[in-house]
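# Analysis of the macromolecular model
Letter by letter, the chains look like this.
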Amino acid sequence: MSRIVKETENTLKKILLDAVNSAVANGELPEVEAPDFKIEVPANRANGDFSSNIAMAGARAYKKAPAAIAQSIVNNISLDGTLFERVEIAGPGFLNFYLSQKYYSEILKDIIACGDDYGKSNYGEGKKVLVEFVSANPTGPMHIGNARGGAIGDCLASVLDWAGYNVSREFYINDAGNQIEKFATSLEVRYLQFFDNTIEMPEDAYQGADITEHAQNFIKEYGDAYVNASSADRRKALVDYALPKNIDGLERDLGRYRIKYDKWFRESTLHNDGSVQRVIDALKEKGVTYEQDGALWFRASEFGNDKDIVLVRANGIPTYIVPDIAYHYNKLVTRGFDTAIDVLGADHHGYVPRMKAALTALGLDASRLDIVIMQMVRLVRDGETIKLSKRSGKAITLNTLIDEVPLDAARFFFNLREPNSHFDFDLELAAKQSSENPVYYVQYAHARICSILKKAQEQGVSLGSIDDSELSLLSSDEEKEIIRHLSSLTGEIVNAAKAYDPARITHYVIELATLFHKFYNAHRVVSDDEKLTHARLYLCTAVKNTIGNILSMLKITAPQVM
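Figured I'd write up the structure that's included with this text. None of the values given here were measured: they were computed from a predicted structure.

Criteria and cut-off values
Residues numbered from 1 in each chain as written. Predicted model: local features only at pLDDT ≥ 70, side-chain atom pairs only at ≥ 80, totals over all residues. Heavy atoms only, no water. Pairing = 2+ DSSP bridges. Helix = DSSP H or I, 4+ residues; strand = E, 2+ residues; numbered from the N terminus. Contact = heavy atoms within 4.5 Å. Axes fitted to C-alpha atoms, helices over the stretch in contact; angles between N-to-C directions. Left-handed = near helix turned anticlockwise from the far one by under 90°. Nonpolar A, V, L, I, M, F, W, Y, C, P; charged D, E, K, R; others polar. Parallel < 35°, antiparallel > 145°, perpendicular 65-115°, else oblique. 1 Å grid on protein atoms, 1.4 Å probe; cavity = no way out; pocket = protein on both sides within 12 Å on 5 of 7 lines; lining within 4 Å. Points joined across faces, edges and corners; volume = space filled by probe spheres on them. Phe/Tyr/Trp six-rings, centres within 6.5 Å; stacked < 30°, edge-to-face > 60°. Buried < 20%, exposed > 50% of the residue type's maximum accessible area, 1.4 Å probe, protein only. Disulfide = S-S within 2.5 Å.

## Looking at the sheet that holds strand 1 (residues 39-40)
The strand order across the open sheet formed by 4 strands is 1-2-4-3, and the pairing between neighbours is antiparallel. Here the strands that pair on one side only, and so sit at the sheet edges, are strand 1 and strand 3 (84-90). Pairing geometry for strand 3 and strand 4 (residues 94-99), over 6 bridges, is antiparallel. The partner of Ala90 across the bridge, within strand 4, is Phe94. The strands touched by helix 1 (residues 3-25) are strand 1, strand 2 (50-52), strand 3 and strand 4; relative to strand 2, the strand with the most contacts, the crossing angle is about 35 degrees.

Right under this line is the structure:
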């Protein structure tokens, strides 16, 4: 919420407590401890701008009917010098408060004064938060799920930043383990096939065209030099050649998607610096492991997981969970982040309790790890779902997506639903320049206001300072509705940060655009009434600035002309 909203809520709380104290002093209420009560914004504005349940909350303590308590409070209430103009008793004893016109004026002045910072708060108190997202295996191009994860993770990080957290973005590079072994096999077979076409590619290998392209380029540089080399040397050479190119490609493609990470963290560093082995040793020392069938197991079932898990296979090789435990330990202990947030696909539901069990066993507060589960996305064209297959190489990649639809639409669309909901991405709608397209609809509102302000300036209308007498003219329902919505931005950002749901912000800005278009269709901005014109231009500026701030936060352009 804006500074004015927060101050107004605090003022209302003081008004109520002062009224209760006065009622106690003159004997209308017994002298007992004031009850805990709520101050809320009613869904129906006919019930006031703010409402309190203090009378119902105090029924037991005061041993009176809520309606009688409410009347005693009203008898002793003073609204002098506040932004409230009246209070009414409703229903069984609700107290409904109605704001004066000055409140709406103060909201607009606060928005204009805050400028590019309007919407920001210190709610997060500077706590260190690491958001890890996408983290696609560097064995091929990013697919459509990575595109959604990128938009959600990046916008979530922005929301947390605006809510006052100290946020870092991170990509975890799985440059070790089974995926790299499969990558090596795929490269090796494609390389050898150029010299012996009878060699067959294993069914579970990567079949994509990118693997063939790497093999061809490797041959251009090294020819047949590795045909007769040992498989180990050949595989290492191929991976050392192809993997850096893939990682560079990930960074380039994500940069094109307007995502810039603070750190690219390599899994291999955890193996090389001994972190993986230290996790194994630490769990052993805690007495939470045992050996069975030659493997080392972690008693995860004692820490909330549904079953125990293997840490080290009988062949002595750690399972993938061990470097992942080491990685999260690194986040929360070595680097000291207060909270680690992972944005993961829907197939990671079972991963969450395993990781939290391991962190608990190591003596950490597992609630410091939060997982945002993201459901799959379906691409739709002409009402038909586009079939995807990463293994066959026919997947729609992040790059092909943003070649087909505007980048602004891609980022906005992927944040239209909360992460844990399924989402159909309509390719035709995303490319459409009409009010049916939500991002176009929002951008058009911004561009329309820029046009209004420009024309006003060309007509010699001043857009400078304004006084309360002019702002008091903004009294229509449409104008008040916009200002109330504008006032809730900071609170909505905080709520989005709490829920890890940046979709709340896209919904907010769509509603703001809707309210502006509704206002514009009902009222002339520039008219013969100079003071009213000045006030409405001021309102338009506040709406433009707020839309601009939100689009900037989401890394979406705010055009001045469309």
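## Some words on the packing of helix 19 (residues 477-487) against helix 22 (residues 530-553)
Packed helix pairs are characterised by how far apart their axes lie and by the angle those axes make with each other. Their axes nearest at 11 Å, the elements helix 19 and helix 22 cross at an angle of 35 degrees. In the crossing of helix 19 with helix 22, the sense of the turn from one axis to the other is left-handed. Side by side, helix 19 and helix 22 meet where Glu479, Ile482, Ile483 and Leu486 of the first sit next to Arg536, Leu539, Ala542, Val543 and Thr546 of the second. For the contact of helix 19 with helix 22, the class distribution of residues is 6 nonpolar, 1 polar and 2 charged.

## What to know about the packing of helix 7 (residues 178-193) against helix 9 (residues 231-256)
Where helix 7 meets helix 9, the axes come as close as 9 Å, and the angle between the chain directions of the two elements is 105 degrees. As summarised for this structure, helix 7 and helix 9 are arranged roughly perpendicular, according to the angle between their axes. Of helix 9, the residues touching helix 7 (which contributes Ile180, Glu181, Phe183, Ala184, Thr185, Leu187, Glu188, Tyr191 and Leu192) are Ser231, Arg234, Arg235, Leu238, Val239, Ala242, Leu243 and Asn246. For the contact of helix 7 with helix 9, a count of residues per class yields 10 nonpolar, 3 polar and 4 charged.

## Some remarks on the layout of surface pockets
The volume enclosed by the largest pocket comes to roughly 1200 Å³. Taken together, 39 residues make up the lining of the largest pocket; nearest its centre are Ser135, Asn137, Asn174, Gln179 and His348. Mapped onto the lining of the largest pocket, the elements with two or more residues apiece are helix 6 (144-162), helix 7, helix 10 (267-272), helix 12 (321-334) and strand 11 (339-345). Grouping the constituent residues of the lining of the largest pocket by class yields 15 nonpolar, 16 polar and 8 charged.

## Thoughts on the packing of aromatic side chains
Evaluation of the coordinates by the stated rule reveals 27 aromatic pairs. Measuring from ring centre to ring centre gives 6.2 Å for Phe423 and Phe425, while their planes differ by 80 degrees; the resulting arrangement is edge-to-face. For the pair formed by Phe423 and Phe425, the shared burial category is buried. Pairing Phe516 with Phe519 gives two aromatic rings, centres 5.9 Å apart and planes at 50 degrees, and the pair type is tilted. Taken together, the residues Phe516 and Phe519, both in helix 21 (residues 503-522) and 3 residues apart, mark about one turn of the helix. Here the two residues Phe516 and Phe519 agree in accessibility, since each one is buried.

## Here we look at the state of the cysteines
Taken as a whole, this structure holds 0 disulfides when the rule is applied. For Cys450, which is in no disulfide, the shortest distance to another cysteine sulfur is to Cys540 and amounts to 11 Å.

Everything listed here is a matter of coordinates, which is why it stays silent on function.
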